[in-house]
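Examination of the molecular architecture
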Amino acid sequence: MNQADHSQTAMDFLTVSDEEFAAGDHLQASEKLWGAATHAVMAVAEQRGWECRSHRSMKNVVQRVATEIDDVFFAGGFAAAEKFHKNFDHDEMEDYGVEADRPLVHQFVHRMLSYVD
């Protein structure tokens, strides 16, 4: 996939995630939210020629962007996305956590994609 494909996939996954949360399918919605975040990271990494083939390398991309923009809170959006990834496997997030963290992931995806030309 190229950066445009990753960007589009990220946006598509955000939409599908919202639809699945509304339908009550929190597991699939959680996985799509995680997917949106990872594809946004991959779009930036692809554009910049950075390694992005593992969870660790994705975290490194997020940290590099956070350092570039001098925003210590930026990585918190990715951390929120990681909760949804874990939720897909373990279904352990409480409703209040879902509602608190969903907007953080949306914001993270949009901000990350704003760094893609």
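Below is a summary of the structure that appears in this document.

Quick word on the environment of Asp5
On the secondary structure map, Asp5 appears in helix α1 (residues 3-23). In sequence terms Asp5 and Ala43 are 38 residues apart; their C-alpha atoms lie 7.8 Å from each other.

With respect to the nonpolar core
One finds Val41, Val105, Phe108, Val109 and Met112 to be the most contacted residues of the largest nonpolar core, which totals 34 residues. For this core, the element with the highest residue contribution is helix α2 (residues 26-48), accounting for eleven residues. Aside from chain neighbours lying at most four places away, what touches Val105 is Leu33, Ala37, Gly77, Ala80, Ala81 and Phe84.

Side note on the packing of α2 against helix α4 (residues 74-90)
In contact at an axis separation of 8 Å, α2 and α4 are set at 140° when each is read in the N-to-C sense. By the angle class used here, α2 and α4 are oblique. α4 is crossed by α2, and the crossing has left-handed handedness. Each of His26, Leu27, Gln28, Ser30, Glu31, Leu33, Trp34, Ala37 and Val41 in α2 lies in contact with α4, whose residues at this interface are Phe78, Ala81, Glu82, Phe84, His85, Asn87 and Phe88. In terms of residue class, the contact of α2 with α4 is made up of nine nonpolar, five polar and two charged.

Examining the packing of aromatic side chains
Scanning the entire structure with this criterion turns up four aromatic pairs. Taking 6.0 Å as the distance between ring centres and 75° as the angle between the ring planes, the aromatic pair formed by Phe21 and Phe84 counts as edge-to-face. With Phe21 in helix α1 and Phe84 in helix α4, the pair connects residues that are 63 residues apart, well separated along the chain. According to the relative accessible area criterion, Phe21 is buried, its value standing at 7%. An aromatic cluster is present here, built from Trp34, Phe74, Phe78 and Phe108 joined pairwise through their rings. Over the ring of Trp50 we find Arg64; its NZ or CZ atom is 3.8 Å from the centre of that ring.

Reading guide: rules and limits
- Residues numbered from 1 in each chain as written.
- Predicted model: local features only at pLDDT ≥ 70, side-chain atom pairs only at ≥ 80, totals over all residues.
- Heavy atoms only, no water.
- Helix = DSSP H or I, 4+ residues; strand = E, 2+ residues; numbered from the N terminus.
- Core = buried A, V, L, I, M, F, W, Y, C linked by side-chain atoms within 4.5 Å.
- Buried < 20%, exposed > 50% of the residue type's maximum accessible area, 1.4 Å probe, protein only.
- Contact = heavy atoms within 4.5 Å.
- Axes fitted to C-alpha atoms, helices over the stretch in contact; angles between N-to-C directions.
- Parallel < 35°, antiparallel > 145°, perpendicular 65-115°, else oblique.
- Left-handed = near helix turned anticlockwise from the far one by under 90°.
- Nonpolar A, V, L, I, M, F, W, Y, C, P; charged D, E, K, R; others polar.
- Phe/Tyr/Trp six-rings, centres within 6.5 Å; stacked < 30°, edge-to-face > 60°.
- Lys NZ or Arg CZ within 6 Å of the ring centre and 35° of its normal.

So, to be careful, I would describe these as geometric facts and stop short of saying anything about function.
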